[in-house]
Amino acid sequence: MTRRILLHLGLHKTGTTAAQSFLFENRALIWPRHALVLPYVTRKSGLSEAATRHSLYGTFGTLSEFGNRWRELLATLDFGEKRGLILSEENFSGLRPSRNLIVGYAEAPDLAACVVDTLRNRLVGSELDITVYLSLRQRGSWIRSLWAHDLQRTRLVQDFDTFRERLEELPSLQQTADAVRDRLPSVRVQTEWLEDLRERSFGPGTPFAEFLDLPPEKATLLVKPTRSNPALPQEALSEMLELNRSGLDEAALVRQKARIVERAQNSLTTNT
């Protein structure tokens with residue numbers, strides 16, 4: 001029997017939080033047919049860090065470390081006689097490009113190949129149907145989302161226009177997907193645009209719902225994702241930018257930004 005594999009390898013800020021929420025909330029329907037690997041496991045095991053480290057240094061040693069950690073994790077999974085695998089981890093394509101401007105996603109093809117090759121070795125003797133899935137986003141909103149993320153999570157002091165100019169030389173997300181496809185000619189590489197997924201039944205969870213191909217009586221039990229990262233209003237982002245430029249110590253900065261996020265989220269909930 002063919003084992004069906006779906007490897008969601010990012011990309012950052014393309015609806016991955018909602019996709020992973022869908023997978024977690026529907027895990028009871030997934031586990032009988034597929035082992036499930038989500039960021040809680042990959043980050044706890046050091047796998048995510050190993051992937052981002054390789055994207056920074058790009059050496060044989062860093063790729064080997066990633067492969068070894070992935071092999072160790074695969075050894076703990078119960079595949080039985082016919083179970084497949086669903087994985088979702090955006091850091092498996094490398095460090096977020098806004099933190100790695102020189103390289104961007106240049107190491108994503110080799111990381112993807114390592115994921116696939118190690119998996120094939122783990123399941124040697126089985127017939128595998130492997131799909132690598134990359135979620136994409138239109139460039140303007142993607143870069144703005146990276147800026148908003150970095151404003152919130154780091155002490156970024158650049159306004160959006162300056163930030164965007166710094167990222168001008170980064171290849172597009174589509175180019176990254178094409179490079180992964182070229183690196184893995186024997187694997188199906190699927191792409192979906194976040195803008196299109198938002199209009200579909202399960203949002204960013206839709207490609208997974210379709211992959212599961214559950215019988216009708218099971219498919220009706222699937223639930224929509226409950227978690228996502230909604231865009232913060234410009235007013236909140238401007239406040240964060242001013243705070244990042246201020247002389248606040250780190251602890252106070254974190255507290256102040258948390259209050260801004262909470263206020264903005266409460267406002268979004270109230271107006272929904």
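Predicted, not measured: the structure shown is a model, and the values here were computed from it. (Residues numbered from 1 in each chain as written. Predicted model: local features only at pLDDT ≥ 70, side-chain atom pairs only at ≥ 80, totals over all residues. Heavy atoms only, no water.)

## Section: helix H5 (residues 60-75)
In an α-helix there are 3.6 residues to a turn, and that puts residues three or four apart on one side. End to end, H5 covers 22 Å across 16 residues, agreeing with the expected 22 Å (1.5 Å per residue, within 8%). All of the buried residues along H5 are Thr62, Phe66, Gly67, Trp70, Leu73 and Leu74. Considered in projection along H5, the buried side chains sweep an arc of 135° and stay on one side of the axis. Seen from the open side of H5, the exposed residues pointing more than 90 degrees away from its buried face are Phe60, Glu72 and Ala75. Turning to H5, the residues buried within the fold contact strand S2 (34-37), helix H3 (39-44), helix H4 (47-57), strand S3 (84-88) and helix H6 (108-122). (Helix = DSSP H or I, 4+ residues; strand = E, 2+ residues; numbered from the N terminus. Expected span 1.5 Å × (residues − 1). Buried < 20%, exposed > 50% of the residue type's maximum accessible area, 1.4 Å probe, protein only. Arc of directions from axis to C-beta. Contact = heavy atoms within 4.5 Å.)

## Brief notes about helix H13 (residues 234-244)
Those residues of H13 that fall on the buried side of the exposure criterion are Ala236, Leu237, Met240, Leu241, Leu243 and Asn244. The arc that holds every buried residue of H13, seen down its axis, measures 160°, which confines them to one face.

## A look at the pairing of strand S4 (residues 128-136)
With seven of nine residues buried, S4 lies mostly within the body of the structure. Two strands pair when backbone bridges link them, and strand S1 (residues 3-8) and S4 are joined in this way by six bridges, in the parallel orientation. Looking across to S4, one finds that Leu6 is bridged to Thr131. Pairing between S4 and strand S5 (residues 188-193): six bridges, direction parallel. Counterpart to Leu136 in the pairing with S5 is Trp193. (Pairing = 2+ DSSP bridges.)

## Quick word on the nonpolar core
If you look at the biggest cluster of nonpolar residues, it comprises 59 residues, and the most contacted ones within it are Leu7, Phe66, Trp70, Leu85, Phe92, Val132 and Leu134. No other element matches the eight residues that H6 contributes to this core. Setting aside residues no more than four positions away along its own chain, Leu7 makes contact with Leu85, Leu87, Val115, Val116, Leu119, Ile130, Thr131, Val132 and Tyr133. Membership of the second largest hydrophobic core comes to 18 residues, among which are Ala19, Tyr133, Leu212 and Leu214. (Core = buried A, V, L, I, M, F, W, Y, C linked by side-chain atoms within 4.5 Å.)

## Here we look at the packing of H6 against helix H9 (residues 173-183)
Running from N to C, H6 and H9 point in directions that differ by 45°, and their axes come no closer than 8 Å. Between H6 and H9, the interaxial angle falls into the category oblique. Regarding H6 and H9, the two cross each other, and that crossing is right-handed. Side by side, H6 and H9 meet where Ala108, Pro109, Asp110, Ala112 and Ala113 of the first sit next to Thr176, Ala179, Val180 and Arg183 of the second. Tallied by class, residues from the contact of H6 with H9 come to six nonpolar, one polar and two charged. (Axes fitted to C-alpha atoms, helices over the stretch in contact; angles between N-to-C directions. Parallel < 35°, antiparallel > 145°, perpendicular 65-115°, else oblique. Left-handed = near helix turned anticlockwise from the far one by under 90°. Nonpolar A, V, L, I, M, F, W, Y, C, P; charged D, E, K, R; others polar.)

## A look at the packing of helix H7 (residues 139-153) against H13
Relative orientation of the contacting elements H7 and H13 amounts to 50°, with a least axis distance of 9 Å. Taken together, H7 and H13 sit at an angle that is classed as oblique. For the pair H7 and H13, the crossing hand works out as left-handed. Counting all contacts with H7, which are made through Arg144, Trp147, Ala148, Leu151 and Gln152, the residues of H13 involved are Gln234, Leu237, Met240, Leu241 and Asn244. Classifying every residue of the contact of H7 with H13 gives six nonpolar, three polar and one charged.

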